[in-house]
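# A closer look at the structure
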Amino acid sequence: MNTFIDEIISNHINIQYHTALMKYLFLLFLFTCSVTFSQTETDSIPYNLMLKVNYAPESLSMEDIDFSKEKPECIFELKGKTPLKYSFRLQNDSIASLYQFKNNKLELQENVHYQPFFWHFDKDMLFSNFKIVDFDNDGDEDLLCWVFSNVNGNEWTIIFINDQTQQKLVRLYNTADETDIWDKPRFDKETNTIHTELYGSAFGTSAESSYKLQNELTVIPLTKHFQNRTGKHMYDYVYMGRNGKWKLKSKNRIKQ
């Protein structure tokens, strides 16, 4: 009888032990996944730059900042194989100066002309449309500056690629369209392709284009669909990239 009871107690203890062990291993698994997921997300989550304004206007409007008293500034670091330290300093409500920290001091790299579209205050912090993000998915953080817009909500953007070879941010130039302003750029990491979208009104123009991003930070035009609705008739244009330029493939009038 005692042997039977001892066996039951032993089995009960073993069950409790294995149950506790399974719970521990499960919690350990969740913790490990959580940490891994958290680190991955932290490294890849984009964020907009914020600038401290010491004399924030009561109106909370960019137009009312007294730039004679201060030049709002934001110092930031771009993560990567070699981190890059930069600063944006607002000269006024249309020019922002980009500085790089080199030789133990901030050196002016270039000026960026911008429109403070959707910029807004939260007390003394000014939220910008300049975003830190690993745009080309190479592990080095880049800088996207949404600089202009219009009533159609277009996101005309400058792409600064983190060039680890030169140890600096480099404007990505669109040689096919001869501009460094991109129409709402999005990157497809599977194909290394930049996709852009231009929005137009019912009587305007719209376009969707794609470009191949090369390792040497050059782009090759692939395809473009352009629609013109400005005249009496609407036309669809299809272009293909050839030798770095757009070549018209077809033009069709749209029936109305």
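In case you missed it, the structure is sitting above this.
Residues numbered from 1 in each chain as written. Predicted model: local features only at pLDDT ≥ 70, side-chain atom pairs only at ≥ 80, totals over all residues. Heavy atoms only, no water.

### Thoughts on the overall build of the protein
Heads up, the rule is: Here a helix means four or more residues in a row that DSSP labels H or I, a strand means two or more in a row labelled E, and each is numbered from the N terminus. Think of it in three bands: with a 1.4 Å probe and only protein chains considered, a residue is buried below 20% of the maximum accessible area for its type, exposed above 50%, and partly exposed in between. Whether two residues touch is decided by their heavy atoms; if any such pair falls within 4.5 Å, the residues are in contact. Only the protein chains shown count as cover for residues, and all accessible areas are computed by the Shrake-Rupley method using a 1.4 Å probe.
Scanning the protein from N- to C-terminus turns up one helix and 17 strands. With 256 residues in all, the protein has 32% of them scored as buried. The contacts in the protein between residues at least 6 apart in sequence include a share of 39% that link residues at least 24 apart. About 15900 Å² of surface is accessible on the protein, with carbon and sulfur atoms providing 54% of the total.

### Points about the pattern of salt bridges
Spelled out, the test is: Salt bridge, as applied in this entry: a Lys or Arg side-chain nitrogen positioned within 4 Å of an Asp or Glu carboxyl oxygen.
Here the structure, examined in full by the defined rule, presents eight salt bridges. Notably, a salt bridge pairs E155 with R186, separated by 3.6 Å at the nearest N-O pair. Residue E155 is located in the loop between β8 (142-148) and β9 (156-163), and its partner R186 is located in strand β12 (residues 186-188); the two are separated by 31 residues in the primary sequence. By relative accessible area, which is 40% here, R186 ends up partly exposed.

### Side note on the pairing of strand β15 (residues 219-228)
Heads up, the condition is: If DSSP finds at least two bridges between two strands, the strands pair.
Direction of pairing for strand β14 (residues 205-213) relative to β15: antiparallel, over a ladder of nine bridges. Note that in β15 the partner of Y211 across the bridge is P221. Here β14 hands over to β15 after five residues, with L217 in that stretch at a positive phi of 65°. In textbook terms, the turn of a hairpin is the stretch between consecutive antiparallel strands, and for β15 and strand β16 (residues 234-242) this stretch comprises five residues.

Purely geometric numbers; function is a separate question.
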